[in-house]
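Structure at a glance
Here is what each chain is made of, one letter per residue.
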Amino acid sequence: MTYAITQTCCNDATCVAVCPVNCIHPTPEERAFGSTEMLHIDPRACIDCGACADACPVDAIFPVDALPAGQREYAEINAAYYEDEERPSTGDEVDGPNFHVWGEPAFGRSLPSDFGPLRVAVVGTGPAGMYAAQDLLLHTAAEVTLIDRLPVAGGLVRYGVAPDHPATKKAGDTFSRFHSHPRVRMHLGIEVGRDVTVQELAAHHDAVIYAVGASTDRRLGVPGEDSPGCLSATSFVAWYNAHPEAVAQGADLSAERVVVVGNGNVALDVARILVADPEALAGTDIAAHALEALRASRVGEVVVLGRRGPGDAAYTRSELLALKHLPGVELVVDDHDPRTGAAIDAAGAGDRAGVLRGLPRVRTEAASPAPGRGADRRIVLRFHSEPVEILGEGGVRSVRVTDGGGTADLGAGLLLRAIGYRGLPVPGLPFDEAAGTVPHEGGRVAGLPGSYVAGWIKRGPSGGIGANRTCAAETVGTLLADAVAGTLPAPTGDAKAFRRLAHQRNRRVVDARGLAAIDRAERERGRRDGRPRVKLATVEELVAAARSGRLLRLTR
């Protein structure tokens, strides 16, 4: 028996580190690691020890004979990776029981034994920030200050991962163990540029790592884009995940058809949530207001527009495979353009386009369908098509899209643009407007000694949760090299002084105890409703839960 890596692979390579026979590839040292969608287990070398499954932070690894029906194809996907003649060679394959050799041990960074502890602030508690904090806490004696503009930690894990991907959300459990670490001080609800400045942060720490993500979206640039009913997928995802800044906006789901523009994983996420069975979602941590809206929804069809062909789509093969197994939902391909069918027919079994082979091919009708919420729900993948205008007065009535050499109007009542995220400038840091990132060299902010970046604000909005691990490791390595070289500016204030400053600027700061109280409150609400948790959806609710939990502890 062998193990297989499945859909929820996060690519953080924890499994690679614990495998005793080096049978999981690509590894972080291999060139293909930077572009791979997922990792793969070599069935010829796997010794069935289960170490990888135990270490996986998102429960993506299972024995092949225990794979559920919807994931059995991953046994073939893992094996096919090692049979592909096009797979890049690492140059060190050998004949033997392991089929690979181990490299010489390398210690890429170290601090002198007499080096004093650094005090490092990490701004942002999503994956990039927490991987950086984890690296510092596990490998140095650093004291870490965790800062987030929201009164709750989690970032992308809490507010970006779809609620029907609970295994992926388990990455948050790995990070949460560091929230109460004895060398961590937490200040949630503090925004850099509003409550404290970049200069004030630097004055109280040896170094500051900004891991603030990419919180806004890219625009289409077509007429009608600002109409009511035309939303960013960024805000829609935030809405169904109970982000405090998205609760009030709501989403009108009275339309029979929704058009989603984009071909990435976020586009598939929102399409899937729109047509999924609400009762299945009731067992997740989806926002209570979103669950109520989905139960009343009339959406029966979601058309996903891709500007290019099926071979060039940005979504991962595993997310596309998941759509084929969505209960009560039909996945079809729009064949308005002959290039679509030709690309699917010519694709190899391991190609993205090959996953679409065998799916029904249809022509999307101009008028919105009215199938209701029964078994007729469907997702239509329409390639070689993009919006040129959004039509309607006081709301979306239809979307004019390219159609071969001309255009066609698709009736729709809601349009979601999912064409990418974009970073926002942090007051006091340099910013590249074109790229939406902070200029840097190996994570070191250009022209600002002692300041660093990690995650999407560093490299742009690419890669999932696990990609932030190597990104953060590079940044921490640069920071430690600067520390050893003596180029970090000396702070003038200490941890207590920063705590006083933070509380002077914002009386509603949440610490680690307050965060634990929020977690208890949400889990208790979930227990009453038979759900894993019911998220508190406003800043006021979050702060109140944090305070009530703290007061309860003080009165005991």
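In this text, all values refer to a predicted model and were calculated from it rather than measured experimentally. (Residues numbered from 1 in each chain as written. Predicted model: local features only at pLDDT ≥ 70, side-chain atom pairs only at ≥ 80, totals over all residues. Heavy atoms only, no water.)

Before going further, it helps to examine the overall build of the chain. Helix and strand counts for the chain stand at 19 helices and 23 strands. Against the compact-globule benchmark of 24 Å for 556 residues, the chain has a radius of gyration of 24 Å, which places it among compact chains. Counting only C-alpha atoms and orienting by the principal axes, one finds that the chain spans roughly 70 × 65 × 50 Å. Looking at the chain as a whole, 54% of its 556 residues qualify as buried. Long-range pairs, those at least 24 residues apart, make up 75% of the contacts in the chain between residues at least 6 apart in sequence. (Helix = DSSP H or I, 4+ residues; strand = E, 2+ residues; numbered from the N terminus. Rg over C-alpha atoms; globule rule 2.2 N^0.38 Å. Buried < 20%, exposed > 50% of the residue type's maximum accessible area, 1.4 Å probe, protein only. Contact = heavy atoms within 4.5 Å.)

Here we take up the pattern of salt bridges. Enumeration according to the criterion identifies 37 salt bridges in this entry. Ionic pairing is found between Arg 505 and Glu 200, a salt bridge with its closest N-O pair at 2.7 Å. One end of the pair, Arg 505, is in helix 17 (residues 495-505); the other, Glu 200, is in helix 8 (residues 198-203), and 305 residues separate them in sequence. Across the pair Glu 225 and Arg 417 runs a salt bridge, and its minimum N-O distance is 3.6 Å. With Glu 225 in the loop between strand 9 (216-217) and strand 10 (230-232) and Arg 417 in strand 19 (residues 414-417), this residue pair connects regions lying 192 residues apart in the sequence. For the residue pair Glu 225 and Arg 417, the accessibility class agrees, reading buried in each case. (Salt bridge = Lys/Arg side-chain N within 4 Å of Asp/Glu carboxyl O.)

Okay, the environment of Asp 59 next. With respect to the secondary-structure elements, Asp 59 resides in the loop between helix 2 (51-55) and strand 4 (61-63). Residue classification places Asp 59 among the partly exposed residues on the basis of a relative accessible area of 32%. As a C-alpha pair, Asp 59 and Cys 9 span 50 residues in sequence and 8.1 Å in three-dimensional space. Setting aside chain neighbours within four positions, we find Asp 59 in contact with Thr 8, Ala 167 and Lys 170.

Counted at 1.5 Å a residue, the expected span for helix 16 (residues 467-485) with its 19 residues is 27 Å, and the 28 Å between its end C-alpha atoms agrees. Those residues of helix 16 that fall on the buried side of the exposure criterion are Asn 468, Cys 471, Ala 472, Thr 475, Val 476, Thr 478, Leu 479, Leu 480, Asp 482 and Ala 483. Directly after helix 16, the chain includes Gly 486, whose backbone phi takes a positive value near 75 degrees. (Expected span 1.5 Å × (residues − 1).)

In the structure shown here, the tally under the stated rule is five aromatic pairs. One aromatic cluster in this structure is built from Phe 236, Trp 239 and Tyr 240. (Phe/Tyr/Trp six-rings, centres within 6.5 Å; stacked < 30°, edge-to-face > 60°.)

For the rest of this paragraph, the subject is the pairing of strand 11 (residues 257-261). Counted residue by residue, strand 11 has five buried out of five residues, so it is predominantly covered. Of the two faces of strand 11, the one holding Arg 257, Val 259 and Val 261 and the one holding Val 258 and Val 260 are both buried throughout. Pairing between strand 11 and strand 19: four bridges, direction parallel. Its bridge partner lying in strand 19, Val 258 is registered against Leu 414. (Pairing = 2+ DSSP bridges.)

The three strands lie next to each other as 16-17-18, forming an open sheet whose pairing is antiparallel. Only two strands of the sheet have a single neighbouring strand rather than two, namely strand 16 (387-391) and strand 18 (406-411). Strand-to-strand twist of the sheet, defined as the mean angle between neighbouring strand axes without regard to direction, takes the value 25 degrees. The pairing of strand 16 with strand 17 (residues 398-403) spans four bridges and is classified as antiparallel. Looking across to strand 17, one finds that Leu 391 is bridged to Ser 398. (Axes fitted to C-alpha atoms, helices over the stretch in contact; angles between N-to-C directions.)

Right, let's talk about the sheet that holds strand 15 (residues 378-382) for a bit. Spatial strand order, 10-19-11-12-15-13-14: seven strands in an open sheet with parallel pairing. Either end of the sheet is taken by a strand with one partner, and the two such strands are strand 10 and strand 14 (361-362). Strands strand 11, strand 12 (301-305), strand 15 and strand 19 of the sheet are contacted by helix 10 (residues 265-275), whose axis makes an angle of about 170 degrees with strand 12.

In terms of nonpolar packing, the biggest core is built from 120 residues, with Ile 24, Ile 209 and Tyr 240 touching the most fellow members. Discounting residues that sit within four places of it in the chain, Tyr 240 has contacts with Ala 162, Pro 163, Asp 269, Val 270, Ile 273, Ile 286, Ala 287 and Ala 290. Val 192, Val 438, Ile 457 and Ala 502 belong to the second largest nonpolar core, which has 21 residues in total. (Core = buried A, V, L, I, M, F, W, Y, C linked by side-chain atoms within 4.5 Å.)

Here we come to the state of the cysteines. In total, this model carries zero disulfides according to the counting rule given. You can see Cys 471 has no disulfide; the closest cysteine sulfur is in Cys 10, sitting 15 Å from it. (Disulfide = S-S within 2.5 Å.)

Moving on: unusual backbone geometry. Pro 26 follows His 25 through a cis peptide bond whose omega is -5 degrees. By the element assignment, Pro 26 lies in the loop between strand 2 (24-25) and strand 3 (40-41). Phi is positive for Ala 13, which is not a glycine, with a value near 70 degrees. Following the sequence through the fold, Ala 13 ends up in the loop between strand 1 (3-5) and helix 1 (14-18). A relative accessible area of 7% means that Ala 13 is categorised as buried. The residue Asp 59 is not glycine, and still its phi comes out positive at about 50 degrees.

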